[in-house]
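# Chain and residue survey
Listed below, chain by chain, are the residues.
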Amino acid sequence: MKLVNIGFGNSVNTDRIIAMVSPDSAPIKRIVQECKEKGNLIDASHGRRSKTVILTDSDHVILSYLQPETLMHRINGEEENEEASEI
């Protein structure tokens with residue numbers, strides 16, 4: 001099991017991630033709203049604007065304020081300045 005930090009000390013099991021997408025399209029906004037109504041939405045953005053929607057194999061949807069590219073770098077183990085990416 002490999003965990004990825006999605007911001008503010010929150011982590012997600014990378015084995016459970018199906019997709020990481022931008023929240024800007026209408027279909028993704030509908031998915032987020034439906035999961036919110038069903039109680040399957042996890043908001044890990046701490047009140048900031050969500051920049052990534054993480055879809056999991058357990059039908060949970062997770063919101064993160066980090067860019068999808070940042071999360072991909074973290075999953076792939078590439079080095080980056082984490083302090084600059086979380087501001």
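For the structure itself, look to the data block above.
Residues numbered from 1 in each chain as written. Predicted model: local features only at pLDDT ≥ 70, side-chain atom pairs only at ≥ 80, totals over all residues. Heavy atoms only, no water.

## Details of the pairing of strand β1 (residues 3-7)
Two faces, one strand: in a regular strand the side chains alternate between the faces of the sheet. The line we're drawing: Pairing between strands is defined by DSSP: at least two bridges between the two strands are required. Helix numbering and strand numbering both begin at the N terminus, where a helix is a DSSP run of H or I of at least 4 residues and a strand a DSSP run of E of at least 2.
Here β1 pairs with strand β2 (residues 10-13) via 4 bridges, running antiparallel. Across the sheet, residue Val 4 finds its bridge partner in β2, namely Val 12.

## Some points on helix α2 (residues 68-75)
Basically, it comes down to this: Burial classes: relative accessible area under 20% of the type maximum marks a residue as buried, over 50% as exposed, and values in between as partly exposed (1.4 Å probe, protein chains only). What the arc covers is the set of directions going from the helix axis to the C-beta atoms.
Within α2, the full set of buried residues consists of Pro 68, Thr 70, Leu 71, Arg 74 and Ile 75. What you see down the axis of α2 is that its buried residues fit within an arc of 160°, all on one side. Within two residues after α2, Gly 77 carries a phi angle of roughly 75°, on the positive side.

## A few points about the nonpolar core
What counts is decided by this rule: Among buried residues, the Ala, Val, Leu, Ile, Met, Phe, Trp, Tyr and Cys ones that are joined through side-chain atoms within 4.5 Å form a nonpolar core. Only heavy atoms enter the contact rule, under which two residues are in contact if any of them lie within 4.5 Å.
The biggest cluster of nonpolar side chains holds 11 residues, and these are Val 4, Ile 6, Val 12, Met 20, Ala 44, Ile 54, Ile 62, Tyr 65, Leu 66, Leu 71 and Ile 75. The set of elements that each furnish at least two residues to this core consists of β1 and α2. Ignoring sequence-local partners within four residues, the contact set of Ala 44 consists of Ile 6, Phe 8, Asn 10, Ile 62 and Leu 63. By size, the runner-up hydrophobic cluster in this structure holds 7 residues, among which are Val 32, Cys 35, Val 61 and Leu 63.

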